Amino acid sequence: MRTIRHPDLLRYLDGVETDQAIMFVTDPIEPLSNQLNQDPDDHLTLWGLYKVANALKFINNDCGMVHGNVRISSIFINPAGEWKLGGFELLSSMKDESPMILTFGGVAPEANRYAPPEVKKSGWTVIKDLPTAAVDSYHLGCLVYEAYNNRFDSTDRLLTQRGNIPPSMLDIYRALLRPSPGGRADADAFLDEGLRPGGFFRDDFIQVNLFLENISIKDQGEREVFFRKLDSSIDTFPGPFAKYKILPELVKAFEFGSGGAKALGAILKIGEHLDTEEYDKVIVDPIVRMFASPDRAIRVSLLENIHKFIDHIPNKAVSNQIFPHVATGFTDTVPVIREQTIKSILYIVPKLNDRIINYDLLKYLAKLQMDEEPGIRTNTTICLGKIAKHLTDATRKKVLVPAFTRGLRDGFHHARIAALMALMATAEYYDAQECSSRIVPCISLVLIDKEKTVRVQAFKAMNAFVNRIQEHAEKMPDTALEPVSATSTPSPNTEANAQTAVSMTGVFGEATKGLAGWAVSSINARFTTPSGEIDHPQVNPVAPSRASSSLSEPFDKPSPSRLDLAPVDMEDTNGWDNDKDDLIGFEQNDGWEPFDTPVVPEPEPITSIIPSSANSARAVSSFGSPSNPTKAPMKLGQPKPLAFVPDQEDKPAISKEEKRAEMERRREERRQRMAELREKKKSGIGAKKI
């Protein structure tokens with residue numbers, strides 16, 4: 001037993017001999033009787049007979065020895081349910097001077113019941129003159145009967161009652177039990193009969209096991225056919241056998257190249273029946289190692305089936321061992337690899353750390369959104385929309401809108417539809433300001449798209465965002481101006497502002513008369529309708545603090561057609577300066593870089609929707625004398641001398657000292673505002689341009 005090694009024999013690991021007993025260590029096993037008493041699976045019984053016959057062929061033909069003790073009590077099963085031949089107490093070679101079986105053959109338990117006819121007639125010594133396989137062949141016939149019909153009582157019963165023995169096995173079964181030792185079939189003939197076309201060993205279960213045991217010498221075509229067949233029939237195999245026998249063979253074939261990518265499907269199908277500990281021990285480690293394989297077929301197979309095993313892999317292993325190899329697929333030259341990599345990200349993202357999600361991953365997705373394959377660009381947009389919930393707030397504000405609005409300009413209409421759907425799916429992450437100033441203008445471009453499917457989706461998206469903006473607008477106050485209190489007591493500051501307004505009225509003259517009248521009427525109407533004189537209603541709104549201070553002060557000399565204005569900053573660049581930075585530039589490259597830095601939302605100034613300075617100048621000039629419009633353009637916010645239309649009424653002139661004091665006061669206010677804006681800009685808050 002120590003020197004004879006064969007896959008179908010009970011394996012000897014270690015042993016010790018004492019005066020009282022001989023003890024040895026084997027693989028984990030249990031008696032075959034335990035299996036046969038529990039209504040065994042026919043596949044396991046048939047495979048067990050094959051394994052015992054193969055072991056006897058090795059002992060009789062290759063070793064030239066006689067086992068002499070083949071029966072149920074000398075056969076054991078491993079955790080997979082495979083039969084292993086043991087009971088080597090009588091193992092002997094007929095070339096020895098005194099073989100042990102000749103002396104102790106009749107001492108073995110139930111030796112007479114299993115003894116062949118010639119031994120019963122002439123004793124165990126006759127074995128020396130018989131063919132080597134004669135005794136073991138007869139014992140194999142007895143084993144076939146007991147495997148299907150349990151215990152037999154007499155030799156006559158073996159020959160007269162078939163029981164549950166398969167019909168295709170009857171002929172060779174009777175040949176094994178022939179009374180004449182010379183005409184008795186041996187284990188080799190039993191195997192040949194079963195493996196011939198239409199034989200009892202031509203079973204899918206047997207063929208799968210035989211192929212797995214010799215998979216290393218099979219060519220690629222045979223392996224592909226085998227794995228396709230295995231994937232469809234693996235569910236019919238006994239669970240313990242698939243777990244402990246087929247699975248280890250498949251993992252070995254998958255990891256060391258003989259099985260390739262085709263073996264993964266069967267591996268994962270068997271793995272569904274494993275508990276967590278067994279899955280981690282048998283499947284997880286080989287799969288993690290195989291992600292580093294340069295074989296594209298294996299990489300594609302892993303990516304396609306990643307949803308079946310990713311939950312069993314720890315987060316740390318996904319971030320440190322799997323993602324670096326998966327990321328190489330983003331830049332692979334084969335489009336199939338890039339596409340499968342994008343699809344697999346949806347299952348990997350929940351297990352990645354924040355640094356990878358908000359930086360490394362978005363860097364790859366930004367490049368793939370400009371991929372030459374339209375399907376990959378579309379899937380990238382879809383992927384980004386689905387992983388948005390895993391991004392940080394700062395990253396979402398920086399990345400989502402530029403990425404999806406870029407998709408709206410894609411030449412592939414499915415990519416535009418995907419961008420619209422992604423915007424709607426991530427609508428919860430945008431505030432009303434972003435919806436109105438960045439998203440709705442971009443969606444409006446595809447409302448008249450050439451493709452009807454795009455137009456339909458665009459109107460759905462537009463309605464959704466407009467409704468959301470409308471809900472927000474309904475919750476806003478009617479005005480941002482502070483109400484004027486009739487009983488308020490004038491303060492020194494308000495009196496000073498009033499005096500300043502009076503002086504400014506003299507400076508602007510009649511040019512401000514129409515503007516003041518329009519402003520009063522607009523305030524009274526709460527900005528609901530513009531004055532009929534104004535051709536362009538897009539007027540820069542007055543800041544609440546400045547407007548309230550100027551409108552709340554008392555008027556010393558009220559006039560129905562004239563309004564004293566608060567001091568106007570002649571160098572304020574937040575007026576109608578047609579700042580191009582505030583416009584939505586759809587033609588420029590709006591590439592989004594996934595840096596995880598905090599972003600403070602900046603409100604869009606009204607200058608982004610104001611007409612050109614020429615139109616503004618015409619609108620302002622209309623406030624003066626209609627008969628003499630100014631030809632030169634006027635822009636508020638530029639330090640140019642203003643040309644005013646002379647007032648029709650006689651007004652007292654302002655002295656040079658008063659003008660110099662007024663201008664000095666305004667310069668001081670300007671310096672203070674500039675200092676405040678610089679402080680706000682240092683803290684990340686403020687206007688885009690000073």
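Residues numbered from 1 in each chain as written. Predicted model: local features only at pLDDT ≥ 70, side-chain atom pairs only at ≥ 80, totals over all residues. Heavy atoms only, no water.

## Section: the overall build of the chain
Per the secondary structure count, the chain includes 29 helices and seven strands. Across the 690 residues that make up the chain, the buried fraction comes to 44%. The contacts of the chain with a sequence gap of at least 6 include a subset with a gap of at least 24, amounting to 67%. Accessible surface computed for the chain: about 37,100 Å², of which carbon and sulfur atoms make up 53%. (Helix = DSSP H or I, 4+ residues; strand = E, 2+ residues; numbered from the N terminus. Buried < 20%, exposed > 50% of the residue type's maximum accessible area, 1.4 Å probe, protein only. Contact = heavy atoms within 4.5 Å. Areas by Shrake-Rupley, 256 points an atom, 1.4 Å probe, with all protein chains shown as cover.)

## Digging into the pairing of strand β2 (residues 22–26)
Regular strands have side chains that alternate between both faces of the sheet. Sheet topology note: the strand β1 (residues 12–17)/β2 ladder contains five bridges and is antiparallel. Residue pairing for β2: Asp14 is matched across the bridge by Val25. The turn joining β1 and β2, which pair antiparallel and follow one another in sequence, is formed by four residues. (Pairing = 2+ DSSP bridges.)

## Brief notes about the packing of aromatic side chains
Within this structure, the stated rule accounts for 15 aromatic pairs. Pairing Phe190 with Phe201 gives two aromatic rings, centres 5.8 Å apart and planes at 85°, and the pair type is edge-to-face. A residue pair is termed long-range when its members are at least 10 positions apart, and Phe190 in helix α9 (residues 187–195) and Phe201 in the loop between α9 and α10 (204–213) qualify at 11 residues. In this structure Phe190 comes out as buried when scored by relative accessible area, which is 0%. On the accessibility criterion, Phe201 (0% relative accessible area) is buried. Judged by centre distance (6.5 Å) and plane angle (35°), the ring pair of Tyr430 and Phe465 falls under tilted. A residue pair is termed long-range when its members are at least 10 positions apart, and Tyr430 in the loop between α22 (413–425) and α23 (432–444) and Phe465 in helix α24 (residues 452–475) qualify at 35 residues. Residue Tyr430 is classed as buried on the basis of its relative accessible area, which comes to 2%. (Phe/Tyr/Trp six-rings, centres within 6.5 Å; stacked < 30°, edge-to-face > 60°.)

## Focus: helix α11 (residues 220–233)
Between its first and last C-alpha, α11 extends 20 Å over 14 residues, near the 20 Å set by a 1.5 Å rise per residue. Each element contacted by the buried residues of α11 is listed here: α10, α12 (239–255) and α13 (263–271). (Expected span 1.5 Å × (residues − 1).)

## Let's talk about the nonpolar core
If you look at the biggest cluster of nonpolar residues, it comprises 141 residues, and the most contacted ones within it are Trp83, Met169, Phe190 and Ile443. When residues of this core are assigned to their parent elements, the largest contribution, 11 residues, is made by helix α2 (residues 42–62). When residues no more than four places from it in sequence are discounted, the contact partners of Ile443 are Leu408, Leu420, Leu423, Ala458, Ala461, Met462 and Phe465. In terms of nonpolar packing, the next biggest core, distinct from the first, is built from 15 residues, Ile101, Ala115, Ile127 and Ala134 among them. (Core = buried A, V, L, I, M, F, W, Y, C linked by side-chain atoms within 4.5 Å.)

## Overview of the sheet that holds strand β5 (residues 75–77)
Across the sheet, three strands lie side by side as β3-β5-β6; this open sheet has antiparallel pairing. Among the strands making up the open sheet, the edge pair consists of β3 (30–31) and β6 (83–85). The sheet strands contacting α2 are β5 and β6, and the helix crosses β6 at an angle near 25°. (Axes fitted to C-alpha atoms, helices over the stretch in contact; angles between N-to-C directions.)

## Let's talk about a negative patch on the surface
On the surface, a cluster of negative charge is contributed by Asp275, Glu277, Asp280 and Asp285. Locating Asp275 in the fold gives a position in the loop between α13 and α14 (276–290). (Patch = residues over 30% accessible without salt bridge, like charges linked within 9 Å, V, L, I, M, F, W, Y side chains within 5 Å. Salt bridge = Lys/Arg side-chain N within 4 Å of Asp/Glu carboxyl O. Lys, Arg positive; Asp, Glu negative; His and termini not counted. Charge placed at Lys NZ, Arg CZ, Asp CG, Glu CD.)

## Description of the side chain of Asp360
Following the sequence through the fold, Asp360 ends up in helix α19 (residues 354–368). Among the polar contacts listed, one links the side chain of Asp360 to the side chain of Arg355, at a separation of 2.9 Å. Ignoring any residue separated from it by four or fewer positions in sequence, one finds Asp360 in contact with Phe323 and Arg355. (Polar contact = N/O pair within 3.5 Å; in protein donor to acceptor, adjacent residues only side chain to side chain.)

## Focus: the pattern of salt bridges
Counted by the stated rule, this structure contains 29 salt bridges. A salt bridge links Glu82 to Lys51, with the shortest nitrogen-to-oxygen separation between them at 3.8 Å. With Glu82 in the loop between β5 and β6 and Lys51 in helix α2, this residue pair connects regions lying 31 residues apart in the sequence. Here the salt bridges share partners, and the residues they tie into one network are Asp8, Lys51, Glu82, Glu213 and Lys245.

## With respect to the confidence of the model for the chain
Across the chain, pLDDT averages 77, with 74% of residues at or above 70. Summarising per-element confidence for the chain, the mean pLDDT is lowest in helix α27 (residues 544–551) (37) and highest in α22 (96). Note that pLDDT drops below 50 for residues 686–690; the model gives that stretch 12 contacts with residues more than four away or on any other chain. (pLDDT = per-residue confidence, 0-100.)

## Re helix α17 (residues 315–327)
Its axis deflected by about 35° at Gln321, α17 carries its strongest bend there, up to four residues before the proline Pro324. Lining the buried residues of α17 we find α14, α15 (296–304), α18 (335–348) and α19. (Bend = angle between axes of the 7 residues up to and from the residue.)

## Notes on the packing of α11 against α13
Between α11 and α13, the least distance of the axes is 8 Å, while the angle of their chain directions is 20°. Viewed along their axes, α11 and α13 adopt a mutual orientation that is roughly parallel. Note on packing geometry: the crossing formed by α11 with α13 is left-handed. Here Phe227, Leu230 and Asp231 of α11 come into contact with α13, specifically with Ala263, Gly265, Ala266 and Lys269. Partitioned by chemical class, the residues of the contact of α11 with α13 number four nonpolar, one polar and two charged. (Parallel < 35°, antiparallel > 145°, perpendicular 65-115°, else oblique. Left-handed = near helix turned anticlockwise from the far one by under 90°. Nonpolar A, V, L, I, M, F, W, Y, C, P; charged D, E, K, R; others polar.)

## Section: the environment of Thr381
By the element assignment, Thr381 lies in helix α20 (residues 374–386). Take Thr381: its relative accessible area is 2%, and that puts it in the buried class. The spatial distance from the C-alpha of Thr381 to the C-alpha of Ala419 is 6.2 Å, given a sequence separation of 38 residues. With near-sequence residues (within four places) excluded, Thr381 lies in contact with Gln369, Phe404, Ala418, Ala419 and Ala422.

## Some points on the environment of Gln220
Along the polypeptide, Gln220 turns up in helix α11. Considering only alpha carbons, one finds Gln220 and Gly260, 40 residues apart in sequence, at a separation of 9.2 Å.

## Describing unusual backbone geometry
Where the residue is not glycine, phi is negative for most of them; where a peptide bond is considered, it is trans in most cases. Non-glycine residue Glu110 carries a positive phi angle of around 55°. Counting through the fold element by element, Glu110 comes out in the loop between α3 (100–104) and α4 (111–114). Despite not being glycine, Asn150 has its phi angle at roughly 65°, a positive value. Within the secondary structure, Asn150 is located in the loop between α6 (134–149) and α7 (155–160).

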